[in-house]
Amino acid sequence: MTLRIRPFLTALTVLAAPLPAANPALAAPGGTATMTGTASATVITPISIVATAPLRFGVMARPTAAGTVTVSTAGVVSTSGGMAGNTAIAQGSSGPQAGKFRVTGEPGRQFFVTLPAAATVTRSGGSMTITLFTVGALTGSPVGTLDIAVGGTLAVGAAQTVGTYNGTYQITASYN
């Protein structure tokens, strides 16, 4: 009976024995390598845009047929349809002019300008749509300030309601 217990105790002893510690000499081929990376960040002047003059289509007589009034980026007025020849009205300080904006940002950094597809001017009892917005040549200094002129085309309806029409449009300047 002693012989039967002894092989059983020997097997238990082998199973209970601690495993040998991992040998670093047996690590995977190639060992370990360390490299230092680099990081950087650049902070630039935020881009900003402010309106310096409103886009004005001027004073006009109510037409009997629909037409358009276009103000170029240079402030030059042209008319078509029922508005043809409707620029002879004395304008005073309400005369046509291009909208003007000043963009300020990081010197030498490129940006682009986004104009709306359309905008609306309204008054009680009526509205008109401005389309074909255009932006003129950028003028200014290379130190981070540029001026932009904006023109557009106003659609005037036949027998348009008399009054002063007002509205807004958005222009966006973004760094490339």
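Calculation rules
Residues numbered from 1 in each chain as written. Predicted model: local features only at pLDDT ≥ 70, side-chain atom pairs only at ≥ 80, totals over all residues. Heavy atoms only, no water. Buried < 20%, exposed > 50% of the residue type's maximum accessible area, 1.4 Å probe, protein only. Helix = DSSP H or I, 4+ residues; strand = E, 2+ residues; numbered from the N terminus. Pairing = 2+ DSSP bridges. Core = buried A, V, L, I, M, F, W, Y, C linked by side-chain atoms within 4.5 Å. Contact = heavy atoms within 4.5 Å. pLDDT = per-residue confidence, 0-100. Salt bridge = Lys/Arg side-chain N within 4 Å of Asp/Glu carboxyl O. Phe/Tyr/Trp six-rings, centres within 6.5 Å; stacked < 30°, edge-to-face > 60°.

Q: Sorry if this is basic, but what is going on with the pairing of strand S2 (residues 67-71) here?
A: Moving residue by residue along a regular strand, the side chains alternate between the two faces of the sheet. Along S2, the buried face is formed by Gly67, Val69 and Val71; none of Thr68 and Thr70, which line the opposite face, is buried. Pairing of S2 with strand S3 (residues 77-81), which is carried by five bridges, proceeds in the antiparallel orientation. The partner of threonine 68 across the bridge, within S3, is serine 80. The turn joining S2 and S3, which pair antiparallel and follow one another in sequence, is formed by five residues; a positive phi near 85° is taken by glycine 75.

Q: Which parts of the structure should I look at to understand unusual backbone geometry?
A: Phi is positive for leucine 132, close to 50°, though the residue is something other than glycine. Inspection of the secondary structure puts leucine 132 in strand S7 (residues 126-135). For leucine 132, a relative accessible area of 59% corresponds to the exposed category. The phi angle at alanine 159 is positive, at roughly 55°, despite the residue not being glycine. For alanine 159, the position within the fold is in the loop between strand S9 (145-156) and strand S10 (172-175).

Q: What am I meant to see in the nonpolar core here?
A: Phe57, Ile148 and Leu154 are the most contacted members of the largest nonpolar core, which totals 20 residues. Put simply, the parts of the chain that give this core at least two residues each are S2, strand S4 (99-104), strand S6 (118-123), S7 and S9. With four residues, S9 is the largest single contributor of residues to this core. Discounting chain neighbours no more than four positions away, the residues touching isoleucine 148 are Gly99, Lys100, Phe101, Val103, Phe111, Val113, Val135, Leu138 and Ile171.

Q: Even after reading the chapter, I still don't get the confidence of the model for the chain, so can you show me in this structure?
A: In this model, the chain carries an average pLDDT of 83, and 80% of its residues clear a pLDDT of 70 or more. Averaged pLDDT values for the elements of the chain fall to 49 in helix H1 (residues 2-16) and rise to 97 in S6.

Q: Explain the pattern of salt bridges here, please?
A: It is possible for side chains of opposite charge to pair when their charged atoms get near one another. Scanning all chains against the criterion turns up one salt bridge. In this structure, aspartate 147 engages arginine 102 in a salt bridge whose closest nitrogen and oxygen atoms are separated by 2.7 Å. On the criterion of sequence distance, the pair formed by aspartate 147 in strand S9 and arginine 102 in strand S4 is long-range, its members being 45 residues apart. Classification of aspartate 147 as partly exposed rests on a relative accessible area of 25%.

Q: Help me understand the packing of aromatic side chains, please; the structure alone is not making it clear to me.
A: One pair of aromatic rings is described through two measures. These are the centre distance and the angle between the planes. All told, the structure shown has two aromatic pairs when counted by the stated rule. Ring geometry for phenylalanine 101 versus tyrosine 169: centroids 6.0 Å apart, planes at 80°, classification edge-to-face. Placement of the pair is phenylalanine 101 in strand S4 and tyrosine 169 in the loop between S9 and S10, with a sequence separation of 68 residues. Taken together through their ring pairs, the aromatic side chains of Phe101, Phe133 and Tyr169 make up a single cluster.

Q: Any chance you could explain the pairing of S9 here in plain terms?
A: Where S2 and S9 come together, five bridges link them in antiparallel fashion. In the sheet register, threonine 68 faces S9, and the bridge partner there is alanine 155. Sheet topology note: the S4/S9 ladder contains six bridges and is antiparallel. Its bridge partner lying in S9, phenylalanine 101 is registered against isoleucine 148. Bridge count for S7 against S9 is five bridges, and the pairing is antiparallel. Its bridge partner being in S9, threonine 129 is matched across the sheet by alanine 155.

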